[in-house]
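# Structure at a glance
Below are the chains, spelled out letter by letter.
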Amino acid sequence: MKNLKLVARETKARTVVKVSGVEIGRDFVVIAGPCSVESETQLLETARAVKAAGADMLRGGAFKPRTSPYAFQGLGIQGLKILEKARQETGLPIVTEVVDPRDVSWVAEFADVLQIGTRNMQNYSLLKEVGKSGRPVLLKRGMYSTLEEWLNCAEYILSEGNPDVILCERGIRTFETYTRNTLDLSAVPAIKELSHLPIIIDPTHSTGRISLIDSMSMAAAAAGADGMIVEVHHKPEQALCDADQALTPDIFATMMRRLRPLASFLENLPSESTAKTNRIK
Ligand code: PEP
Ligand code: MN
């Protein structure tokens, strides 16, 4: 793809993003937590549960880009302070979204990884700011975007001097309505062909259905994904955001018991396998 300089596969064997001992691009990394931070109890209980089930990082939004202006928009700085508390207690690094270029520098003081949501993938001033933030960036694919457009957005971040970008396939809009979006699993090996950046998947926002999350996660691991980000809530029925698609801690723990053995089985496959070749090179 022309115009891609820094993110192109030809420039580097692979990128491993290191976040407090977690290596994205080497191990299968699981990021779990609620859609949004709602209260200290909600976040801490969820954080303890995902930690116990083996999650590597904690997610939770303090700034929520909502389709409706009347929907819960997040707790802002109060939410970030609660995330900080959860990190202190559990040791899990924090992934949290930033939506406004003016907030990047101070949100970066709380976050271990800055998330750019699907609706902001092509917000170029935001991309430039996170490029200067000194924090790893989780860049979600725009729900209407091609792989080339997505990689160009990663290029913006790298061109500001930040090499630590994790791509996240979170589903694209198609004519299908049974699922919330369509998880483009072929994006995983395709990105591995095109770029050295790690790629994870989001089975929550792509399917929008709890019943499909376990199988899509396993399929993503088999396709060579470097991990996943999934929504878990200690009491999903009370969630202020994305209530229908959050896993309970029990369902999450059950999924992890199936996923971890699969991920280590895949790690040990002979290197001729396409997925393995792509991951190791
Ligand atoms: C989220 O992660 O909660 C979120 C809003 O995701 P997306 O930007 O993929 O819709
Ligand atoms: Mn959500």
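Residues numbered from 1 in each chain as written. Chains lettered and ligands numbered in written order. Predicted model: local features only at pLDDT ≥ 70, side-chain atom pairs only at ≥ 80, totals over all residues. Heavy atoms only, no water.

Here Ala-263 is to be found in helix H9 (residues 249-267). Between the alpha carbons of Ala-263 and Asp-27 there is a distance of 8.7 Å; along the sequence they are 236 residues apart. (Helix = DSSP H or I, 4+ residues; strand = E, 2+ residues; numbered from the N terminus.)

Let's shift gears to the pattern of salt bridges. Evaluated as defined, the whole model comprises 15 salt bridges. Asp-56 serves as the salt-bridge partner of Arg-260, at 3.0 Å between the closest nitrogen and oxygen. Taken as a pair, Arg-260 in helix H9 and Asp-56 in the loop between helix H1 (40-52) and strand E4 (57-59) lie far apart in primary sequence, 204 residues in all. One network of salt bridges, with partners in common, ties together Glu-84, Arg-87 and Asp-112. (Salt bridge = Lys/Arg side-chain N within 4 Å of Asp/Glu carboxyl O.)

Notably, Ser-20 is not glycine yet its phi reads approximately 40 degrees, a positive angle. Relative to the helices and strands, Ser-20 resides in the loop between strand E1 (17-19) and strand E2 (22-24). The phi torsion at Asp-242 lies on the positive side, around 50 degrees, for a residue other than glycine. Mapped onto the secondary structure, Asp-242 falls in the loop between strand E10 (227-231) and H9. What makes Asp-242 buried here is its relative accessible area of 19%. (Buried < 20%, exposed > 50% of the residue type's maximum accessible area, 1.4 Å probe, protein only.)

With that settled, the discussion passes to the packing of helix H8 (residues 210-222) against H9. In a pair of packed helices, the angle between the axes and the distance between the axes together describe the arrangement. Their axes nearest at 9 Å, the elements H8 and H9 cross at an angle of 15 degrees. Judged on the interaxial angle alone, H9 and H8 are roughly parallel. For the crossing formed where H8 meets H9, the hand is right-handed. When H8 is examined against H9, the residues Ile-210, Ile-213, Asp-214, Ser-217, Met-218, Ala-221 and Ala-222 are found in contact with a partner set consisting of Ile-251, Met-255, Arg-258, Leu-259, Leu-262 and Leu-266. The residue inventory of the contact of H8 with H9, partitioned by class, reads ten nonpolar, one polar and two charged. (Axes fitted to C-alpha atoms, helices over the stretch in contact; angles between N-to-C directions. Parallel < 35°, antiparallel > 145°, perpendicular 65-115°, else oblique. Left-handed = near helix turned anticlockwise from the far one by under 90°. Contact = heavy atoms within 4.5 Å. Nonpolar A, V, L, I, M, F, W, Y, C, P; charged D, E, K, R; others polar.)

Turning our attention to the packing of helix H5 (residues 147-159) against helix H6 (residues 187-194). For the pair H5 and H6, the least separation of the axes is 12 Å and the interaxial angle reads 55 degrees. Our classification of the angle between H5 and H6 gives oblique. The chirality of how H5 crosses H6 is right-handed. Listed contacts from H6 to Leu-147, Trp-150 and Leu-151 of H5 are Ala-187, Ala-190, Ile-191 and Leu-194.

A few words on the environment of Leu-114. Positionally, Leu-114 belongs in strand E6 (residues 113-116). Sequence separation of Leu-114 and Ile-94 is 20 residues, and the distance between their C-alpha atoms is 8.6 Å. Dropping the residues within four chain positions of it, Leu-114 is found in contact with Thr-96, Val-98, Val-104, Val-107, Ala-108, Val-130, Ser-133, Arg-135, Pro-136, Val-137 and Leu-138.

Close to ligand 1 lie Cys-35, Arg-59, Lys-64, Glu-97, Gln-115, Gly-117, Thr-118, Arg-119, Lys-140, Arg-170, His-205 and Glu-231, which account for all nearby residues. His-205 places a side-chain nitrogen or oxygen 3.2 Å from an oxygen atom of ligand 1. One nitrogen or oxygen atom from the side chain of Glu-231 is found 3.3 Å from an oxygen atom belonging to ligand 1. Look at ligand 1: alone it shows 300 Å² of surface, and the protein chains cover 97% of it. Class assignment for the residues of the shell around ligand 1 results in one nonpolar, four polar and seven charged. (Near = heavy atom within 4 Å. Polar contact = N/O pair within 3.5 Å; in protein donor to acceptor, adjacent residues only side chain to side chain. Areas by Shrake-Rupley, 256 points an atom, 1.4 Å probe, with all protein chains shown as cover.)

Below, the discussion takes up the pairing of strand E5 (residues 94-97). Side chains Ile-94 and Thr-96 of E5 all project onto a buried face; the interleaved residues Val-95 and Glu-97 project onto the opposite face, where all are buried too. As judged from the three bridges shared by E5 and E6, these two strands associate in the parallel manner. Looking at E6, one finds that Thr-96 is bridged to Leu-114. (Pairing = 2+ DSSP bridges.)

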